[in-house]
Structure formats: structure tokens, C-alpha cells
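# Survey of secondary and tertiary structure
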4 protein chains.
Amino acid sequence: MNQKKRILVAGGDLRYGYTAASLADHLETYAVGFQSAVSEKVQLVETSAEDLPLCDVLVLPMPVSDDGILVNAPFSQRNISIRGLLSALKPGALVLGGKFGKSQGIFDQAGIETADYLAREEFSTRNAVPTAEGAIQIMLEEMPCTICGSQILILGFGRIGSRLAATLHAMGAEVTVAARNVVKRAEAEMLGCQSITFSGLENAVKHADVICNTVPALVLTEPILQQIQQNALILDLASKPGGVDWDAAQTLGKRVIWALSLPGKTAPVTAGEIIAKTILHILDERGMLDA
Amino acid sequence: MNQKKRILVAGGDLRYGYTAASLADHLETYAVGFQSAVSEKVQLVETSAEDLPLCDVLVLPMPVSDDGILVNAPFSQRNISIRGLLSALKPGALVLGGKFGKSQGIFDQAGIETADYLAREEFSTRNAVPTAEGAIQIMLEEMPCTICGSQILILGFGRIGSRLAATLHAMGAEVTVAARNVVKRAEAEMLGCQSITFSGLENAVKHADVICNTVPALVLTEPILQQIQQNALILDLASKPGGVDWDAAQTLGKRVIWALSLPGKTAPVTAGEIIAKTILHILDERGMLDA
Amino acid sequence: MNQKKRILVAGGDLRYGYTAASLADHLETYAVGFQSAVSEKVQLVETSAEDLPLCDVLVLPMPVSDDGILVNAPFSQRNISIRGLLSALKPGALVLGGKFGKSQGIFDQAGIETADYLAREEFSTRNAVPTAEGAIQIMLEEMPCTICGSQILILGFGRIGSRLAATLHAMGAEVTVAARNVVKRAEAEMLGCQSITFSGLENAVKHADVICNTVPALVLTEPILQQIQQNALILDLASKPGGVDWDAAQTLGKRVIWALSLPGKTAPVTAGEIIAKTILHILDERGMLDA
Amino acid sequence: MNQKKRILVAGGDLRYGYTAASLADHLETYAVGFQSAVSEKVQLVETSAEDLPLCDVLVLPMPVSDDGILVNAPFSQRNISIRGLLSALKPGALVLGGKFGKSQGIFDQAGIETADYLAREEFSTRNAVPTAEGAIQIMLEEMPCTICGSQILILGFGRIGSRLAATLHAMGAEVTVAARNVVKRAEAEMLGCQSITFSGLENAVKHADVICNTVPALVLTEPILQQIQQNALILDLASKPGGVDWDAAQTLGKRVIWALSLPGKTAPVTAGEIIAKTILHILDERGMLDA
């Protein structure tokens, strides 16, 4: 019988403590860059530690590094050099991270294989749950009325939009979905929601208590913002540029909340477990889970 | 054609502004004890005002008064005397309030009919929605994991317990309901929840991420508290004495939140509308809504 | 340690075979009046059999008897006399049945205690599930369109009406509930349905694809039937007189289906298990389940 | 202002009467091959009729033709030649059909543009609703227990599998989904279902009351069929070869139902409307709906 594989989780925020704890149910797990371990099964080590045996897998956070040199490790009291971690790896080891960016070169140079768990569709699919719950938390906090009975307009019907629509509908909201694709609109209708194209947006926003954007493009332009009720809540979940004309929104005095990275903020345990599930699936595909 | 009836809303917290706004869709509505009106249809007046015509109905807040003399009016800059309001009423006027308490004597003495909208079952039935959403908001804020996939134990299956169970189940939680009555347990099972009797509580709490009590009696005693996971959240929605042995909980270091009066805190607009709906129904029963 | 109690199931339709099978998980179970047993744990006997030891509990079907003399036993090749069963009972035995009617006298005379499981609220509560599914089966069979997207009007919001409304809403129908009681209407709205009073019925029926009555009183009178679309389906689940003016419906050429006793017809296994659960709960209350 | 476009629906089963009726809300609609029209707005014509003006669009059924010569028109008393229909078309007319097969050559030769509405994803997405309801109808008819509380195993999680899983879960069934793709499994879990890979099938079938296949490949092989409970229902919704080893199933005495073309059978109105919606969307994309 084989030995369990050894895995080292290096750095990352609160989520990665839970990731390590989840991994420890299946692998011999070490962690560096944390003050305390979430689970007794995880062995906390220091990078320079001689008690750290060579590992089969290294898990790095998302993003892996800000400068391409040090691991992104907000809980660590000392710097963790990416290059320094290489010595903890067995030959042929696998390095998993979320967006390698500039650090990719280090591994390429050393001939070490990397894989990005952020790029796995299963990761973003599962993350739609904590994202939707985070958005619902904000709505509950910010709205003076109940979700049940509210008019909620959701822009986009991808993973997050569809999860949000389904959950809000189940909570009793009257949900309208704006989507470009007729298939998405058909799916929204099958969920019990109304559906519109973006050409109907200017009219649809008028009656909305909440407008929640998931489209990473400027969809809430000034003419549309003008039609939104003064006390409506605009929630933007779209990454990078977002979907709202912020200057116009400010000038018009609209209430906009731009909520990013909700999984880590609202449900770090679940977010950490989702990272662990994705990693375990990557390892399983490579036959690295059979002990 | 008859004239619309005149109604005066006197005092109360934020909710009563929305109550007045809702009433104004059906009645000639005046309000006293507010700095500004929520709706243009509501006419703000002062008690002493000569521009206040005699009213058919007076709406008082919940509770009506703390001392039995002055109306409970947190937003008012001057005191509003209950007795003083009587002069604004037509002969045969109706006074509606939520718990009259000591103030009841004033109306009895004056021979004025009163009715308690808090005592109406429709009121507490509708209030289960904002209460459940308020409880869910607290769970989302306090739990480090998502509701979807969590083990949630609900004690009691009355209006609030059943609404909470249904909504949490729809959000993907694994819900167990503890109820004394076999009919309630059958109803919980029909909703897709597990059900237990209170004799099974000591065992059931062990696996719960959240324990939410709605029973107004001491159900979470020390022996049961001892079985609860250290990082579990205990949420007590039961009124007055609550359902938790607080001393034991504190000694054991359990995380308990006692959440009362959620509708007014988390959804004042909806809470105000529910008061208005109940009042309108009382008036409709008495034939006072036909304009 | 005590012996398991002995229980004899006598007669009844298909359901009672499953009732006996369920009881056999908890009690030493005998059955008379069946050609074959559903479960190996049930011992099939004949009334006259000498191998039948004295029993603690006798289970009779619903209704117990048509003539007050013989057990209602459609699967039995020979008659089973109620009086004859008495000799199979221990002193102090309990007899459970569903509507004793004329047979009650036999037990009273013999000083044997009886209890009616049909009268237990848990029984009718649980039976709402197979009843609602039976009604949905009829709708699926009879309607040329999908339930999803249909306009369905439900009259009454008791156990069956509320279960039906919830399930049809979850399937994507647009459900309207007519109920006299404002609390019931509030509950229907909280489920995501529209609600009306019966005074709004004449107008509401016009747009309904299906009208499903659960009220045991004449609610679908001629003037209302006249407003119903020609191709709409009228489904009457109400017992005894039903809720439809049949003569008027026939004259007007409306499509009416009167569906009674759905649990036994559409889900005899579940219906039998519900009888068994109710019986087990009655025995548990009397301390007769502790082996 | 422009004239409405003229559309001719030729042949097809019951559904196409409803398709024509739906189209008539937006276009000047003619139908050939029916005994009577569903809607007064549809003008019934004969192919040879001189009262049929030249049309902009021709709608043919699915499949268009069995022999490549005559339109598939089960309700028509006379043969409708595909080639004969060409004379009813304006120059530049569009022909829409579901699987043209051998008839494609006729249009290519005549230089007439065709489009297959069956190939549109919106068509199959919307059709998942009547398919799922048809499957549920069969389950309700064939199962002796309620769907609520049953163990239901669904093979595949495409459009039909996911709709079925969601609806059955909402009805209270305990649903397990087998899917190859981890993303599909994650989606099934997010719906509240259990999920397994196909390697876990042999074990999972043991506890299932219903096994519903949607995968168009042999998944229920003899070794797996052997593990299925004797009274379980096997429902195969997969097209062409289906997913069941029929010989093995018959030898083993398993109860298998192969249900195809459910939308047209169980909900012809909805199925017809879905065809109309797809056609209208195709025409809208080409700017042919602006009157």
C-alpha cells in the first residue's frame, strides 16, 4: 500500500486555513504562513524548518503573489519567498495556485509543473453559492423592506446571476432577469422569473427595489441610472471595471454598492472548502489521491 | 358617494411612517409625531393644530405608551398626550393600538372603542416573513460558512419556525425541526426537513452549525448547551424569558444572540405595511373602507 | 426485557398490506384477509387459525365495515366476522379502526377500547401529500399544456389546498388561492401565490386553466361556472356533496372531475405507511412500543 | 407602415395547430393540412387554393417528411407535396422545419433558404419543461408510493436531467444525480441533490425507487440492472438507442418504460407554443416581425 501524498499549503488568507483542514482529511498536510492551525490534522511549519519532509504538492493562494517574489501571506509574520519553497518539493512535484502572474516564470525556469485551480469551471460554479449568499446578506442589510415581495432585477444569467435568481425567487422576491442570450432568458423563465433583453432595461429598472449586476461591462449607463428609483439599491457584483457608470451614479445620488470577493468575506470556511474540493479533484484526475 | 374616512397616526417608530403612507392609499391620512412624511399623501400635523379635522380612526403604536399617559413617539420633539388626542376624534371613533396596557383606562373612561391589531392572527402570520429574514441576515453575518449545506436546527414550528424552516431549506440548508406536536413534525417532514421530539434534542444539537430557538420556554438547558459545538451559533428569537439558560451559556462560552423585534429593525417598510394591512382589514370588517 | 406487542391487521384494501409491512418493523405482526403478504415479516393467518396467538392490538380498515357485522375485506376469499375477531384479543386489548360506524356497538358491548386513527390530525396532515400528488397526476393527464406557466385557481387553503398550492407553485404554475380567512390568504401570499376572497371568484375563474376545489360546500355555482373557460379543467377534491353544481356544469358543458380517496388510489404504499405511522404513534403514546 | 408578414403552416400533428394559433398573434397566418383551426385568427386553406396569397415564411413539421416528397401531415385528408408548396412562396421566402432530411434537396435546388428550428438551443431548453412533466406524470401513474419521500436516481444532468432533478426535489423526493462532469455534479449538489459519478452507479441503484435515464448511451448494463430493486421503475428518456440493455432488463424482469417525444404527447399546446416561440425568435433576428 502506498503512502498518502504530502501537500504543503503556503500562505493565503483565512480561507486557506480551512483549505488545509479539508485537505488533511485526505492527505498528509503541512501549512506555512499561519499563526495557528484550524485542524489538529494540519502540521504548522516554518519554511526553513528541517522537520518539513519533501512534498508532492504545493498549494499557493490567489493571487499567488503581488510582486512575483513573495507568497501572498497576510497572516504570516515573516516573508515567504516563492523560490525558497522549491526546496521543499520532491522532484516531479505539482504546484497549484490561483493566478500565477509574474511568479509563473520561477516555476517554468525550474521545470516545475503548475496548474491554476481558479481556472477550473467547478471552482467558479461552486463559488456562486457563497457569492449569492453574500449578495443576499447585503440586500438584507441595506433594504428597508423584505426580500419577499420585492421587485429584484438581475443583470446577467451566468453562474452567479442564475444562482441569485433561483434563491431570491425561492425567498419570495419577484425576480426579473436581463440577458442577451435567448437560451438564458428561457432558463430564467423556467425558474419562475420574468425575462427581458437589455433593450428593455431602461423601462424595467423603474420598478426595481434592487438592481443587481453580474455583467462585466458597462450596462448601467447614465440614461438607465436616471430611470432608477431614488431609494433603490444598486449592487454590482461584476469584477474589474464593474457594470455601473460611477460618476453618473454619484451625480444622480444613486445608492451603489460594489461587492467583490464575497466568498472569502462572507463564508471563509465554505470558500476554503471549495478550494480544497477543486484541488482534490485535480489530484484525483492525476491519480494522486490513492493512498 | 361617501367621503373617505379620516385616520390619524400618532407616534411610533420608523415603521409608523410607512404605515401612514400605506393607509394614505385608502384613507384621508394625518400623522403626528414625525419630523417628515414618507409620502406626500400623508398630512403631517401637530396635536394642537387647528387644521386637523375630527378623525374617524386613531392609530397608536406598539406599545401604545410606556407610562400610560404619553404616546410612545420616539421621533417627536414634543410630548403627545394620549388624553389630548381624544379631542381630535369624532364621536364613535375607533382607536387602534398594539398593546394598550395602562392607557386602556383612558379610553374606557371616555367610552371610546379600542382594538388591538397586535392580537390579530393575520398580523403575526405576516410578521413571520420579516422575522425570518432578520434571522437569516444574522446567520449570514455570523456564520463563517454558507447557509447552503449547513446543518440548522430549529426549535419550535409555529409561524416563525415554519417560515424559517421553509426558507432555509429552499436556500439549501439541511434543516431539522424539534417540535412537541406530531402534526407539526409531520408538517416539517412534508417540507423536506428532518423532525425530532424535544427528547432527541441533546443528541441533535451535536451536529448543528446553527440552533435557532422560537419556543418561549427554557429549552436550551445546561446539559443540552454542553452538547453544542463550540463554534455553533445559537440564535434565540423567543420573546420575554427566551429559551436559553444564559448563565450556563456564558460559563460554557457558547455564542448566543438574542434577537427580538426583528421586523422593525430589519424591514421597517414591510413592518409598517403589515401594520397598515391589518388596520385596513379591521376597518374593512366594520364597513369603514367604502368611500 | 419485554416481548414485542402482537398486532393483528384484519381486512382492508391494498393499503393495509403495506400498513402491516410497516408495523412489522416494530411489532410482531399478523394479517388476516389477504392472499399474500407484502413483507416476509408479516405472518398471514386465517381467523379460525389455531396458530394465531392472542393479540394486544387489532387494526381494522376504513371504513371498518359496511354492514356492522363483517370486516370490510375486499381481498379476502372468506367473510371475516368482527365478532369472531374478538376471540383473538388479549384482555385489555386495543382496537384501532377508521370510522367504526355501526360496528362500534360490538366493541362497546364487549368492553373493548377503540380508537379511530382517521380522526387523528396527523393522519389527515400526512395524507395531504398523496392527495396533492394524485390531483397533480390528474392535471398532468387531462391538461394539454404544462403545469409550469398555467393559471391554477385553488379554492380553500386547508391541508390539501395549501400542499397543492405549494407544490404547483414549485412546479412553476401561477397559483391563485381563494380563502375566506384572511390568515389563510396571508399564508398563501407568503407562499408566492395570489389570494382572493370568494367574492372575487366570479372574476378570478375567467383566466384559470384549472380550478381545483377543496371546500366541502357549494362554491362553484351556476353563475360562477358560466364564467369558466370552456376548455378549463375543474377538479373537485371535496368530500361528500362536493363543491360543484353538477347539473349546471353538465348543462354548460364544463369538464369536471370529482376525485375522491386519492391516497389509496395513487399511492397505496405511502397511504398504508401513513396509516401505520399514525397507529405507531397512538401505541407510542400508550407506552405500547417499548419492547 | 409595413404589412404584417404572411406565414403558412403546412402539416404536422396536433402541436402545429397550436403553433399556428400562437403565430397568428404576430403574423398573418395560414394553415394547410388541418380539419379545423385552433384559433379564429388562423385561416385554413387548401394547397391548391387560389385564395392563398404568396407567403413570406413556410413552416414545416418535425420531421418535415418521411419520404422526402410529401409533408408529414397526419391530420390531412389529402397529400401535401413539398414541391407543390413552393408555388405559395414569395421570392426570397424562408422555410422553417424540424429536420429536413431528404427534403432538403428540394429547397436547395430551388434556391430557397431553410432553417431548422429543432437545432436551436432555445427550443430544446424550453422543451425540457414538458418533457420533465411528462416523466413526472409517468412516475405518478406507475409508482405505488408518492414522489415526496421517494429515492429517485437521475442519470445525466443536461437540460432534461437538471429540470427533472429540480422539480422532483421541489416535490420532496430525495434525488441523486449521476454525471460524468464534475461541474454538472457541483450544479446538482447546489440544487440540493446528491451526486455520484457513473462508477458509483452499481451501488446507487440499489436504493432507488425510480431510475430515470437521460443519457443517450448504454448506461444501464446487465450488471447494473441486476442491482436494481425488483419493484423499482426504470424510465428511459434518452433518444434513439436509449440507455437500457433491453434484453437483460427483460430477462431480469425489470420494469422499464421508454418514453419518447413527451412534449407532443403530454402537453401539445405548450409544445406548439414552444415551436412558435422559436420561430418568432428566428424571424425577429431577421427583422421580419416589425409590422
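Residues numbered from 1 in each chain as written. Chains lettered and ligands numbered in written order. Predicted model: local features only at pLDDT ≥ 70, side-chain atom pairs only at ≥ 80, totals over all residues.

Turning to the interface of chain A and chain D, a few remarks are in order. The interface of chain A with chain D comprises twelve residues on the first partner and twelve residues on the second. Of the residues in the side of chain A that touches chain D, the class split is five nonpolar, two polar and five charged. (Contact = placed C-beta atoms within 7 Å. Nonpolar A, V, L, I, M, F, W, Y, C, P; charged D, E, K, R; others polar.)

Here the focus is the sheet that holds strand 11 (residues 233–236) of chain B. Two strands in a sheet stick together by hydrogen bonds in their backbones, pointing the same way (parallel) or opposite ways (antiparallel). All names here are of chain B. Overall, parallel pairing links the six strands, which are arranged 9-8-7-10-11-12 in an open sheet. Each edge of the sheet is formed by a strand with only one pairing partner; in this case those strands are strand 9 (194–196) and strand 12 (255–258). On average, each strand axis in the sheet is inclined to that of its neighbour by 20 degrees, with strand direction left out of account. Relative to strand 9, strand 8 (residues 174–178) runs parallel, the two being bridged by three bridges. Residue pairing across strands places Val 177 opposite Ser 195, the latter belonging to strand 9. Here helix 4 (residues 121–142) sits on the sheet and contacts strand 10 (210–213), strand 11 and strand 12; the angle it forms with strand 11, its principal contact strand, is near 160 degrees. Against the sheet, helix 5 (residues 159–170) engages strand 7 (151–155), strand 8 and strand 10, with an angle of about 165 degrees to strand 8. (Pairing = 2+ DSSP bridges. Helix = DSSP H or I, 4+ residues; strand = E, 2+ residues; numbered from the N terminus. Axes fitted to C-alpha atoms, helices over the stretch in contact; angles between N-to-C directions.)

Let us look at the packing of helix 4 (residues 121–142) of chain C against helix 11 (residues 268–285) of chain C. The packing of two helices is summarised by the inter-axis angle and the distance between the axes. Residues and elements named next belong to chain C. Packing of helix 4 against helix 11 leaves a shortest axis separation of 10 Å and a crossing angle of 165 degrees. Classified by the interaxial angle, the pair formed by helix 4 and helix 11 is roughly antiparallel. The two elements helix 4 and helix 11 cross, and the hand of that crossing is right-handed. Where helix 4 abuts helix 11, its residues Glu 122, Phe 123, Arg 126, Asn 127 and Pro 130 lie against Thr 270, Ala 271, Ile 274, Lys 277, Thr 278 and His 281. Along the lines of polarity and charge, the residues of the contact of helix 4 with helix 11 split into four nonpolar, four polar and three charged. (Parallel < 35°, antiparallel > 145°, perpendicular 65-115°, else oblique. Left-handed = near helix turned anticlockwise from the far one by under 90°.)

Right, let's talk about the environment of C:Ala178 for a bit. Residue and element names in this part refer to chain C. Mapped onto the elements, Ala 178 comes out in strand 8 (residues 174–178). Note on Ala 178: 27 C-beta atoms within 10 Å, which makes it buried. For the pair Ala 178 and Ile 154, spaced 24 residues apart in the sequence, the C-alpha separation amounts to 6.2 Å. Every residue in contact with Ala 178, bar those within four places of it in the chain, is listed here: Leu 153, Leu 155, Ile 196, Thr 197, Phe 198, Leu 201 and Ala 204. (Buried ≥ 20, exposed ≤ 12 C-beta atoms within 10 Å, placed from the backbone.)

This paragraph deals with the pairing of strand 12 of chain B. All names here are of chain B. Across four bridges, the pairing between strand 11 and strand 12 is parallel. Bridged to Ile 234 within strand 12 is Val 256. Following the chain from strand 11 across helix 9 (residues 246–252) to the adjacent parallel strand 12, one finds a crossover that is right-handed. (Right-handed = clockwise from strand over helix to strand, strands pointing away.)

Counting residues at the interface gives 20 residues for chain A, matched by 20 residues for chain B. For the side of chain A that touches chain B, the secondary-structure elements that each account for two or more residues are helix 4 (121–142), helix 5 (159–170) and helix 11 (268–285) of chain A. Considering every element that reaches the side of chain A that touches chain B, the biggest residue donor is helix 4 of chain A, with seven residues. The residue inventory of the side of chain A that touches chain B, partitioned by class, reads 13 nonpolar, five polar and two charged.

Before going further, it helps to examine the relation of the copies chain A and chain B. Superposing chain A onto chain B requires a rotation of 180 degrees together with a translation of 0.0 Å along the rotation axis, leaving an RMSD of 0.0 Å. Here the two chains are linked by the operation of a two-fold rotation axis. A share of 100% of interface residues in chain A that are also interface residues in chain B marks the association as one of identical surfaces. (Least-squares fit on C-alpha atoms with pLDDT ≥ 70 in both.)

Here we take up the sheet that holds strand 8 (residues 174–178) of chain A. All names here are of chain A. Spatially, the six strands line up as an open sheet ordered 9-8-7-10-11-12, and their pairing is parallel. Both edges of this open sheet fall to strand 9 (194–196) and strand 12 (255–258), since each of them pairs with a single strand only. Between one strand axis and the next, the sheet turns by 20 degrees as a mean value, whatever way the strands run. Taken together, the four bridges between strand 10 (residues 210–213) and strand 11 (residues 233–236) define a ladder with parallel strand orientation. If you follow Asn 213 over to strand 11, its bridge partner there is Asp 236.

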